[in-house]
Amino acid sequence: MTSPILLTGATGYIGGRLLRVLQNAGHRVRCVTRRPEALQCCVAPTTEVVSANILDRESLKGTMDGVEIAYYMIHSMGSRGDFEEQDRRAAHNFGAEARRAGVGRIIYLGGLGETSEELSPHLRSRQEVAEVLRASGVQVVEFRASIVIGSGSLSFEMIRSLVERLPVMVTPRWVNVTAQPMAIDDLLQYLSAALDLKTDDHAIFEIGGPDAVSYGDLMREYARQRGLKRLMIPVPLLTPRLSSLWLGLVTPLYSRIGRKLIDSIRHPTVVRDNAARQTFPHIRPQGVREAIASALGNEGRE
Ligand SMILES: NC(=O)c1ccc[n+]([C@@H]2O[C@H](COP(=O)([O-])OP(=O)(O)OC[C@H]3O[C@@H](n4cnc5c(N)ncnc54)[C@H](OP(=O)(O)O)[C@@H]3O)[C@@H](O)[C@H]2O)c1
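The present account deals with the structure reproduced in this document. Remember, it's a predicted structure, so these values are computed and weren't measured experimentally.

**Notes on the site of the ligand**
Next up, step 1: In the vicinity of the ligand lie 21 residues, with Thr11, Tyr13, Arg34, Asn53 and Arg126 positioned nearest.
Next up, step 2: At a separation of 2.8 Å, an oxygen atom of the ligand approaches a polar backbone atom of Tyr13.
Next up, step 3: Note that an oxygen atom of the ligand is positioned 2.9 Å from one of the side-chain N or O atoms of His75.
Next up, step 4: Contact with the protein chains covers 86% of the free accessible surface of the ligand, which is 910 Å².

**Comments concerning a nonpolar patch on the surface**
Next up, step 1: A surface patch of nonpolar side chains, amounting to about 320 Å² of accessible area, comprises Val168, Val170, Leu231 and Ile233.
Next up, step 2: For the nonpolar patch, the elements supplying multiple residues, two or more each, are strand S8 (168-171) and strand S13 (231-234).
Next up, step 3: Looking at where Val170 falls in the secondary structure, it is placed in strand S8.
Next up, step 4: Classification of Val170 by relative accessible area gives partly exposed; the value is 34%.

**Observations regarding the pattern of salt bridges**
Next up, step 1: Summed over the entire model, instances satisfying the criterion amount to 16 salt bridges.
Next up, step 2: The closest approach of N and O atoms between Arg100 and Asp65, which form a salt bridge, is 2.8 Å. With a gap of 35 residues between them, Arg100 in helix H3 (residues 83-101) and Asp65 in the loop between helix H2 (57-60) and strand S4 (69-72) connect regions that are remote in the sequence.
Next up, step 3: Looking at Arg100, the relative accessible area reads 44%, which means it is partly exposed.
Next up, step 4: We classify Asp65 as partly exposed; its relative accessible area is 38%.
Next up, step 5: Of the charged contacts in the structure, one is a salt bridge between Arg134 and Glu142, with a shortest N-O distance of 2.9 Å.

**Comments concerning the pairing of strand S11 (residues 203-207)**
The two faces of the sheet receive side chains in turn, since in a regular strand these alternate between them.
Next up, step 1: Among the five residues in S11, four count as buried, and that is most of the element.
Next up, step 2: As paired strands, strand S6 (residues 139-145) and S11 are joined by five bridges and run parallel to one another. Across the sheet, Val141 pairs through a bridge with Ala203, a residue of S11.

**Brief notes about the packing of aromatic side chains**
Next up, step 1: This model, assessed by the stated rule, comprises eight aromatic pairs.
Next up, step 2: Centre to centre, the rings of Phe143 and Tyr190 are 6.1 Å apart; their planes meet at 45 degrees, and the pair counts as tilted. Here Phe143 is found in strand S6, whereas its partner Tyr190 is found in helix H6 (residues 184-193), with 47 residues between them in sequence. Considered together, Phe143 and Tyr190 belong to a single accessibility category, that of buried residues.
Next up, step 3: Where Phe156 meets Tyr222, the ring centres are 5.9 Å apart and the plane angle is 65 degrees; that geometry is what we call edge-to-face.

**Side note on the side chain of Asp87**
Next up, step 1: Note that Asp87 resides in helix H3.
Next up, step 2: Sequence-distant contacts of Asp87, defined by excluding residues within four places in its chain, comprise Tyr72, His75, Ser76, Ser125, Arg126 and Val129.

**Notes on the sheet that holds strand S5 (residues 105-111)**
Next up, step 1: The strand order S3-S2-S1-S4-S5-S6-S11 describes an open sheet built from seven strands, whose pairing is parallel. Looking along the sheet, the strands with just one partner apiece sit at the ends: strand S3 (48-51) and S11. Along the sheet, successive strands turn relative to each other by an average axial angle of 20 degrees, direction set aside.
Next up, step 2: Here S4 pairs with S5 via four bridges, running parallel. What sits directly across from Ala70, in S5, is Ile106.
Next up, step 3: Sheet strands touched by helix H1 (residues 13-24): strand S1 (5-8), strand S2 (29-33), S4 and S5. Its angle to S1, the strand with the most contacts, is close to 155 degrees.
Next up, step 4: Across the sheet, H6 lies against S4, S5, S6 and S11, angled at about 155 degrees from S5, the strand it touches most.

**So, the state of the cysteines**
Next up, step 1: Applying the stated criterion across every chain yields a total of one disulfide.
Next up, step 2: Each sulfur of the disulfide joining Cys41 and Cys42 lies 2.2 Å from the other.
Next up, step 3: Take Cys41: its relative accessible area is 65%, and that puts it in the exposed class.
Next up, step 4: Using a relative accessible area of 37% as the deciding quantity, one classes Cys42 as partly exposed.

Conventions adopted
Residues numbered from 1 in each chain as written. Predicted model: local features only at pLDDT ≥ 70, side-chain atom pairs only at ≥ 80, totals over all residues. Heavy atoms only, no water. Near = heavy atom within 4 Å. Polar contact = N/O pair within 3.5 Å; in protein donor to acceptor, adjacent residues only side chain to side chain. Areas by Shrake-Rupley, 256 points an atom, 1.4 Å probe, with all protein chains shown as cover. Patch = residues over 30% accessible without salt bridge, like charges linked within 9 Å, V, L, I, M, F, W, Y side chains within 5 Å. Salt bridge = Lys/Arg side-chain N within 4 Å of Asp/Glu carboxyl O. Helix = DSSP H or I, 4+ residues; strand = E, 2+ residues; numbered from the N terminus. Buried < 20%, exposed > 50% of the residue type's maximum accessible area, 1.4 Å probe, protein only. Pairing = 2+ DSSP bridges. Phe/Tyr/Trp six-rings, centres within 6.5 Å; stacked < 30°, edge-to-face > 60°. Contact = heavy atoms within 4.5 Å. Axes fitted to C-alpha atoms, helices over the stretch in contact; angles between N-to-C directions. Disulfide = S-S within 2.5 Å.

Below, the structure written as structure tokens:
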């Protein structure tokens with residue numbers, strides 16, 4: 001019997017969608033989660049659900065036995081404490097247990113952002129997690145993505161809340177920073193293609209769709225597709241801190257993570273090398289228009 005694929009973050013946005021893709025492809029999956037009850041609805045009979053908290057090394061023991069490939073799809077941005085410290089500790093625990101269990105590859109999804117630039121705490125932490133995982137000695141295939149467009153994705157839901165609620169919007173500077181968004185389906189193709197990647201070394205792939213656009217462009221395109229008239233008034237002096245407080249008032253549901261996310265929009269998050277295109281030529285990411293149209297069309301089903 002083939003070894004199970006270990007999946008963390010299956011109760012989250014990306015891990016949850018990856019679980020479906022892996023199950024539909026016939027893989028045996030072992031989900032490691034703090035909330036096994038939340039997965040009862042969605043797992044195939046061949047999928048195991050194991051209860052563990054990645055922050056608790058003891059609870060991780062044995063969860064990776066017999067596993068060849070493990071997906072690391074978690075972050076602590078929703079927690080009340082110091083998320084950087086928690087993410088460092090979680091990655092350390094996960095890497096150490098993976099090493100002990102003889103796991104051959106960890107597949108990790110982090111964030112795009114030039115290392116030479118002064119990164120925000122959020123993006124710095126996403127890159128630090130990859131470094132901690134690599135330091136375990138287990139091979140790491142790291143993907144770095146910018147905004148993921150799909151119904152339920154935090155960044156897309158922030159755009160949706162703002163555009164749906166505010167006919168007139170004051171737009172701070174971060175709204176004009178360039179990103180390279182990608183559709184959730186394209187991201188899932190990269191994540192599953194990494195299972196068959198032929199390499200014994202660590203790998204880093206920057207991934208994104210064909211369009212380099214700003215949050216403002218995404219909001220305008222979202223409004224266009226929804227048939228909403230929206231007015232954006234640029235206010236360059238509104239700092240990320242103030243604008244994240246403002247976001248908390250407008251979209252309270254997402255405020256804790258949303259603030260960290262907005263604080264991270266300081267520099268462009270665009271693809272700077274084409275290793276992903278060369279390594280996975282069969283994946284042809286869709287543009288922003290198509291991605292938003294799918295997100296709107298798949299609402300509640302994605
Ligand atoms: N969404 C995007 O736009 C985007 C873009 C680029 C990169 N990414 C990256 O993709 C990855 C997944 O993001 P997401 O958007 O899917 O996040 P998400 O929806 O917030 O899900 C986070 C997951 O992490 C789990 N988790 C957190 N701490 C844990 C712990 N101590 N033990 C076990 N599980 C824990 C959560 O489980 P609980 O249900 O127990 O809380 C949840 O399943 C992250 O690395 C993120 O940086 C996301």
